[in-house]
Amino acid sequence: ALVPRAAWTCTECGAGLSRVRAPGLSRVISNLIPGATAATGAILLVNGLMFLVMLVAPPAVAGIEFQTGFGRLMGFDGATLLRYGSGVPVLTFEAGEWWRLITPLFLHAGILHFALNSMALASLGPLAEEEYGTERFGVMYLLSGLGGTLVAQYLGGVRTVGASGAICGLLGLLLVHGWRRGGAYGSAMQSVMARNAMLMVVMSLLPGIDWRSHLGGFLAGGLLGLVVPWGPYRTRAAATLWSMAALALLAISVFAFYSMAIHGTATLQQLLDLRGR
């Protein structure tokens, strides 16, 4: 049956439509990544594309250390991460490269980092997206990630890179959501997310892990879980506002990648020139 795009249940039989995708990009993504919801699948695809670009890209400027072969697969050199938008506080806040608050969410330091974050996102993303819908999920994922990168860079941690801040935001979001929802389902969700959060705390204490990003993302996600409604939109105006917010953040993210493409190499060259002096 033909139903409105914003409908959460079929107008004919009442069946849930959370995993039914309308024709277009969302259906293409669900076909490429079976089981993935629209926004989660898109994020996974962008993360994978950026990993491949960094893996095969030649040195951005001449005269820098450049890992090759298996070593590059296991961990990218600092110059490559810097070129493609890793978060560096002095560049973000003093040089005005604000886009380094967004681009780190889609970069990973190596194959293990990428694999672990992808598995976590593939597990938590569809659950959050089914509860909140594609638009609200996309907005909250990016805002949680921004919270993580902002806290990490403001507190001056290690180079910020990875989706783990946004993933911790999903943990905080679903933990609070389970508490707000209540009942058997909500209690079970709250229990599972609490265990996952404890595991994340342990992982955050390991050497080289940016616990600041995890903390910032978790707090941002928890705060969003307190204020953002779930389930079907109550009014058409609410659906329109969330769609506009999602499109606005998507446009900002695209512009951040554009800025990285335009300025990333120049910034790296300037830093190398300063080091040479």
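Anything mentioned here points back to the structure above.
These remarks concern the structure in this document. (Residues numbered from 1 in each chain as written. Predicted model: local features only at pLDDT ≥ 70, side-chain atom pairs only at ≥ 80, totals over all residues. Heavy atoms only, no water.)

## What to know about the side chain of Glu131
To be explicit about the condition: In DSSP terms, a helix is any run of H or I states spanning at least four residues, a strand is any run of E spanning at least two, and both are numbered starting from the N terminus. Whenever two N or O atoms come within 3.5 Å, that pair is a polar contact, provided that in protein one can donate a hydrogen and the other can accept it, and provided that, for residues adjacent in sequence, both atoms are side-chain atoms.
With respect to the helices and strands, Glu131 occurs in helix H6 (residues 111–132). Within the structure, the side chain of Glu131 is placed 2.5 Å from the side chain of Arg181, a separation counted as a polar contact.

## Observations concerning the packing of aromatic side chains
Cut-off, in case you're wondering: Stacked, tilted and edge-to-face are the three classes applied to pairs of Phe, Tyr and Trp rings, where Trp contributes its six-membered ring and a pair requires centres within 6.5 Å; stacked means planes under 30 degrees apart, edge-to-face means over 60, and tilted covers the rest. Buried, partly exposed and exposed residues are distinguished by accessible area as a fraction of the type maximum, computed with a 1.4 Å probe on protein chains only: under 20%, between the cut-offs, and over 50%, respectively.
The final tally for this structure, using the stated rule, is 6 aromatic pairs. Measuring from ring centre to ring centre gives 5.3 Å for Phe51 and Phe76, while their planes differ by 70°; the resulting arrangement is edge-to-face. One end of the pair, Phe51, is in helix H2 (residues 38–56); the other, Phe76, is in the loop between helix H3 (69–74) and helix H4 (78–83), and 25 residues separate them in sequence. Neither residue differs from the other here; Phe51 and Phe76 are each classed as buried. Three or more aromatic residues joined by ring pairs form one cluster here, namely Phe51, Phe76 and Phe114.

## Examining the packing of helix H7 (residues 134–154) against helix H10 (residues 211–227)
Applicable threshold: To define axes, lines are fitted to C-alpha atoms, for helices over the stretch in contact only, and angles between the resulting N-to-C directions are given on a 0 to 180 degree scale. These descriptions rest on fixed angle ranges, namely under 35 degrees for roughly parallel, over 145 for roughly antiparallel, 65 to 115 for roughly perpendicular, and the rest for oblique. Crossing chirality is assigned from the near helix's rotation relative to the far helix, an anticlockwise turn below a right angle marking it left-handed and a clockwise turn marking it right-handed. When checking whether two residues touch, look at their non-hydrogen atoms; a contact exists if any pair is within 4.5 Å. Under the scheme applied here, ten amino acids are nonpolar (Ala, Val, Leu, Ile, Met, Phe, Trp, Tyr, Cys and Pro), four are charged (Asp, Glu, Lys and Arg), and all others, including Gly, are polar.
As a packed pair, H7 and H10 sit with axes 7 Å apart at the nearest point and diverge in direction by 140°. Considering their axes alone, H7 and H10 lie oblique with respect to each other. Crossing of H7 against H10: the hand is right-handed. Along the contact surface, H7 presents Met140, Leu143, Ser144, Gly147, Gly148, Thr149, Val151 and Ala152, while H10 presents Arg212, Ser213, Gly216, Gly217, Ala220, Gly221 and Leu224. Considered class by class, the residues forming the contact of H7 with H10 number 6 nonpolar, 8 polar and 1 charged.

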